[in-house]
Amino acid sequence: MFSFYIIILYAVLAILKPTRKVALALTPWLIFACSYDWMRLLPNYEVNPIDVKGLYESEKTLFGINADGTTLIPCEYFAIHHCVPADIMAGLFYLCWVPVPLGFGIYLYAKGDYSNYLHFSLAFLFVNLLGFCGYYIHPAAPPWYAMNYGFEPILNTPGNVAGLGRFDLLTGIPVFHALYGKNANVFAAVPSLHAAYMLIATVYAARSRSGRITTGVFAFICAGIWWTAVYTSHHYIIDVMLGIATAVAGILIMEKAIMRVPAVRRFMARYTSAITFSRKQL
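Predicted, not measured: the structure shown is a model, and the values here were computed from it. (Residues numbered from 1 in each chain as written. Predicted model: local features only at pLDDT ≥ 70, side-chain atom pairs only at ≥ 80, totals over all residues. Heavy atoms only, no water.)

Help me out: how do you make sense of the nonpolar core in this one?
Grouped together as the largest cluster of nonpolar side chains are 70 residues, with contacts concentrated most on Phe104, Phe120, Met198 and Ile200. Leaving out residues up to four positions away in the same chain, Ile200 has contacts with Phe120, Phe124, Val127, Ala247 and Ile251. (Core = buried A, V, L, I, M, F, W, Y, C linked by side-chain atoms within 4.5 Å. Buried < 20%, exposed > 50% of the residue type's maximum accessible area, 1.4 Å probe, protein only. Contact = heavy atoms within 4.5 Å.)

So this is what it looks like as structure tokens:
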């Protein structure tokens, strides 16, 4: 399993004295990676029934587009009406959804802003855990599944690049085929964590006063990812809205409730102190 190699790497960093504090700082990201990987052990569709038709019909009712007398969901509309510039932009936006938040965390840590790094990392982890709970509470198929397979759940359906395949064809680089071809569970569309990640980074870019340009660029990428999720048939608008709600709820709960508990505040102070090191130790 992927998490096995992550844990081995983490253990090596923790054992070696020069990298021990780096390992401590990476703990929230380790928990995130392992939690995601461990969901393979108990697929969400074994816990609750899979929603395929209900989500599709709800999307059509709320956001349906009339095209030549037929009501289409937005994903179906974009599958017919797309263009090369939009396909390129969609691929570029979706390539950002994990690397940019991860890079932002590295940036905060590298510049010594340990307090904001820790707040961002823990909020990112907490939102993910909320999202993972959502996967088990309401297993749901993405729009490309309903468009390709109909409304009957077919377990072990392979991942699908959907509209992102157009980016691979245009660039000649099978980046999304490599990423989505190995997706172990396609029935995890609600909430859309694609919609959540860059929103978390944008909020903490503003909170850490990383500059108006950085915050503005993050907000632009964030909106681009929301659009791409629907444009490429990876998520319904409903999924995106629930992903945004999950991010907002997670950040508010973390900052306004959990972080204000005295015991947590003491832990945060000790943790921040523990990952702080002087340049001489580097």
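It is not clear to me how the side chain of Thr157 should be interpreted in this structure. Could you clarify?
Mapped onto the fold, Thr157 is located in the loop between helix H9 (143-149) and helix H10 (165-171). Within polar-contact distance, the side chain of Thr157 engages the backbone oxygen of Ile154 at 2.3 Å. Among all residues touching Thr157, those that are not within four sequence positions of it are Trp144, Tyr145, Tyr149, Val186 and Phe187. (Helix = DSSP H or I, 4+ residues; strand = E, 2+ residues; numbered from the N terminus. Polar contact = N/O pair within 3.5 Å; in protein donor to acceptor, adjacent residues only side chain to side chain.)

Teacher, can you tell me more about the pattern of salt bridges here?
Side-chain pairs of opposite charge can arise whenever the charged atoms involved come near each other. Applying the stated criterion to the full structure yields three salt bridges. Ionic pairing is found between Arg40 and Asp37, a salt bridge with its closest N-O pair at 2.9 Å. Judged by its relative accessible area of 45%, Arg40 falls in the partly exposed class. With a closest N to O distance of 3.8 Å, Glu255 and Arg207 form a salt bridge. Linking Glu255 in helix H14 (residues 237-256) with Arg207 in helix H12 (residues 193-207), this pair joins segments that are 48 residues apart in sequence. By relative accessible area, Glu255 is classed as buried at 15%. On the accessibility criterion, Arg207 (37% relative accessible area) is partly exposed. (Salt bridge = Lys/Arg side-chain N within 4 Å of Asp/Glu carboxyl O.)

Can you walk me through H14 in this structure?
The α-helix winds at 3.6 residues per turn, so residues separated by three or four positions along the chain end up facing the same way. A rise of 1.5 Å per residue sets the reference length of H14, with its 20 residues, at 28 Å; its end C-alpha atoms lie 28 Å apart and thus fit the reference within 8%. Looking at the buried positions of H14, the neighbouring elements they touch are helix H4 (53-63), helix H8 (114-137), H9, H12 and helix H13 (212-231). (Expected span 1.5 Å × (residues − 1).)

Where do I start with the UniProt feature "transmembrane region" (unreviewed entry) in the protein chain in this structure?
Within this structure's numbering, the places UniProt gives as "transmembrane region" (unreviewed entry) are residues 88-110, 117-137, 186-206, 213-230 and 236-258. Annotated as residues 88-110, this span is 83% helix and 0% strand, and its ends, taken at the C-alpha atoms, are 32 Å apart. Taken as a whole, residues 117-137 contains 100% helix and 0% strand, while its terminal C-alpha atoms sit 30 Å from one another. (UniProt positions renumbered as here; feature names shortened; annotations may be inferred.)

Even after reading the chapter, I still don't get a nonpolar patch on the surface, so can you show me in this structure?
A cluster of nonpolar side chains, Phe4, Tyr5, Ile8, Val12, Ile15 and Leu16, forms an exposed patch at the surface whose accessible area comes to about 640 Å². One can find Phe4 in helix H1 (residues 2-15). (Patch = residues over 30% accessible without salt bridge, like charges linked within 9 Å, V, L, I, M, F, W, Y side chains within 5 Å. Areas by Shrake-Rupley, 256 points an atom, 1.4 Å probe, with all protein chains shown as cover.)

Please clarify how the side chain of His194 should be interpreted in this entry.
Relative to the helices and strands, His194 resides in helix H12. Residue class for His194 comes out buried when judged on its relative accessible area of 12%. Among all residues touching His194, those that are not within four sequence positions of it are Tyr94, Trp97, Tyr180, Ile225 and His235.

What is the right way to look at the environment of Leu62 in this model?
On the secondary structure map, Leu62 appears in helix H4. Exposure remark for Leu62: the relative accessible area of 57% places this residue in the exposed category. Once the C-alpha coordinates of Leu62 and Ile15 are considered, the two residues, 47 residues apart in sequence, prove to be 54 Å apart.

When you look at the packing of H12 against H14 in this model, what are you seeing that I'm missing?
Helix-helix packing: each pair is described by the crossing angle between the helix axes and the interaxial distance. Contact pair H12 / H14: the axes reach a minimum separation of 8 Å and the direction vectors enclose 40 degrees. When the axes of H12 and H14 are compared, the pair comes out oblique. Along this stretch, H12 crosses H14, giving a crossing that reads as right-handed. Residues Ala195, Ala196, Leu199, Ile200, Val203, Tyr204 and Arg207 of H12 form the contact with H14, whose own contacting residues are Val240, Gly243, Ile244, Ala247, Val248, Ile251 and Glu255. (Axes fitted to C-alpha atoms, helices over the stretch in contact; angles between N-to-C directions. Parallel < 35°, antiparallel > 145°, perpendicular 65-115°, else oblique. Left-handed = near helix turned anticlockwise from the far one by under 90°.)

Is there a simple way to think about unusual backbone geometry in this case?
Of the consecutive residues Val190 and Pro191, the connecting peptide bond is found in the cis state with omega at -5 degrees. Examined against the element boundaries, Pro191 turns out to sit in the loop between helix H11 (175-180) and H12. One non-glycine residue, Asp68, lies in positive phi territory at about 55 degrees. With respect to the helices, strands and loops of the structure, Asp68 is situated in the loop between strand E1 (65-67) and strand E2 (70-72). By relative accessible area, Asp68 is classed as exposed at 81%.

Sorry if this is basic, but what is going on with the packing of aromatic side chains here?
In this description, an aromatic ring pair is defined by two values, namely the gap between the centres and the angle between the planes. Enumeration over the complete set of coordinates arrives at 29 aromatic pairs. Measuring from centroid to centroid gives 5.4 Å for Phe104 and Phe218, while their planes differ by 85 degrees, and the two rings are edge-to-face. Of this pair, Phe104 sits in helix H7 (residues 99-110) while Phe218 sits in helix H13; the two residues are 114 residues apart in sequence, bridging distant segments of the chain. Judged by relative accessible area, which is 3%, Phe104 ranks as buried. For Phe218, a relative accessible area of 10% corresponds to the buried category. Through pairs of rings, three or more aromatic residues link up here, namely Trp29, Phe32, Trp97, Phe104, Tyr107, Phe120, Phe124, Tyr197, Tyr204 and Phe218. (Phe/Tyr/Trp six-rings, centres within 6.5 Å; stacked < 30°, edge-to-face > 60°.)

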